[in-house]
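These are the residues of each chain, in order.
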Amino acid sequence: LPYADKLRAVAGWNQMPADWLRILRYQPDGCFVATIGGAIVGTATTTSYPHDVPSSEPVPLAWIGMMLVHQDHRRKGIASALMQRAVEYLNATGVECIKLDATPVGEPVYARLGFQQEWRFNRWQKPSDDSPATVHPSSPATLSGELDLAAFGVARGHWLKMLAEDSAVIVRDRGFGMLRSGRVATYLGPITADGPDTAAGIVDTLLNNVHGPVVWDIPSPNTAGEELARARGFEPVRDLTRMWTGQRLIAPELKYQFGLSDPGTG
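As the structure is a prediction and not an experimental result, all values here were calculated from the model.

Draft legend 1. Structural view of the pattern of salt bridges. Enumeration according to the criterion identifies 14 salt bridges in this entry. Here Arg183 and Asp5 are joined by a salt bridge, their closest N and O atoms 3.4 Å apart. Taken together, the residues span a long stretch of sequence, with Arg183 in the loop between strand E7 (175-180) and strand E8 (186-193) and Asp5 in helix H1 (residues 2-11) at a distance of 178 residues. Taking relative accessible area as the criterion, Asp5 reaches 12% and is therefore assigned buried.

Draft legend 2. Quick look at the packing of aromatic side chains. For the coordinates displayed, the defined rule picks out eight aromatic pairs. A ring pair is formed by Tyr110 and Phe115, whose centres lie 6.4 Å apart and whose planes are at 65 degrees; its orientation type is edge-to-face. The same class applies to Tyr110 and to Phe115, which are both buried. Pairing Trp119 with Phe121 gives two aromatic rings, centres 6.0 Å apart and planes at 65 degrees, and the pair type is edge-to-face. For the pair shown, Trp119 and Phe121 are each scored as buried. Taken together, Tyr26, Tyr49, Trp63, Phe152 and Trp159 form an aromatic cluster joined through their ring pairs. In this structure, Arg156 packs its charged tip against the face of Phe152, placed 4.1 Å from the ring centre.

Draft legend 3. Summary view of unusual backbone geometry. Backbone torsion omega between Tyr49 and Pro50 reads -10 degrees, so that peptide bond is classified as cis. Relative to the helices and strands, Pro50 resides in the loop between strand E2 (39-49) and strand E3 (59-69). For the bond running from Gly189 to Pro190, omega is 5 degrees, close enough to zero to count as cis. Within the secondary structure, Pro190 sits in strand E8. Positive phi is not limited to glycine here, since Arg75 has a value of about 65 degrees.

Calculation notes
Residues numbered from 1 in each chain as written. Predicted model: local features only at pLDDT ≥ 70, side-chain atom pairs only at ≥ 80, totals over all residues. Heavy atoms only, no water. Salt bridge = Lys/Arg side-chain N within 4 Å of Asp/Glu carboxyl O. Helix = DSSP H or I, 4+ residues; strand = E, 2+ residues; numbered from the N terminus. Buried < 20%, exposed > 50% of the residue type's maximum accessible area, 1.4 Å probe, protein only. Phe/Tyr/Trp six-rings, centres within 6.5 Å; stacked < 30°, edge-to-face > 60°. Lys NZ or Arg CZ within 6 Å of the ring centre and 35° of its normal.

Taken by themselves, the reported measurements are silent on function.
Structural data, given as structure tokens:
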């Protein structure tokens, strides 16, 4: 993990060591590294939803994330090899739909491997000259399973419970949201709500007294979410593309998704 985190640092990504550990603990046999001469030069992780599916049944949805290759070893086929290994692993477990969130650099690589565009989204950032805030986890309340099932497309309660252990959590009757520490900026998300008014209340409560830069990943089809971000001083700083492959598309209900949990895990 220390070597993997060095790759993340070179790429300038926002994940903390806790984010690596969460993925590894959730699905340890689905995390891979590429090595050259014993040195780790690339990583890839997988996250399947829901967590415990009987071996006799198909797994509806899985994510490929944390796809990192050291800048000194790019254009050697390492990313493609890691992707193929991750896809092979997920296919062997019977996953019906595999998704990922692609940067503009990665999108052509994934397209050559059969991934299709689903929709695009922006990373929104509220800039600040201060350092990122340290978020103190709160005691998580029961999250709205039915609403998040509709929003995300499959059940991910086990993952959300693990995520909540490292997050400040706000729960309302018709939604919930989380905020957690990041290397570059505090990360706002996931935000699941039945509408913009509920989402606004959750966001404002989470952001109250938070200093330093904050990032927020919002599906572009959810224009109400983008309006909330813009009204609170956030600006789009990065374009990403949700992509998928597999037997069938597991489609989310984006009118309930006002913030993603992480591009590496959906």
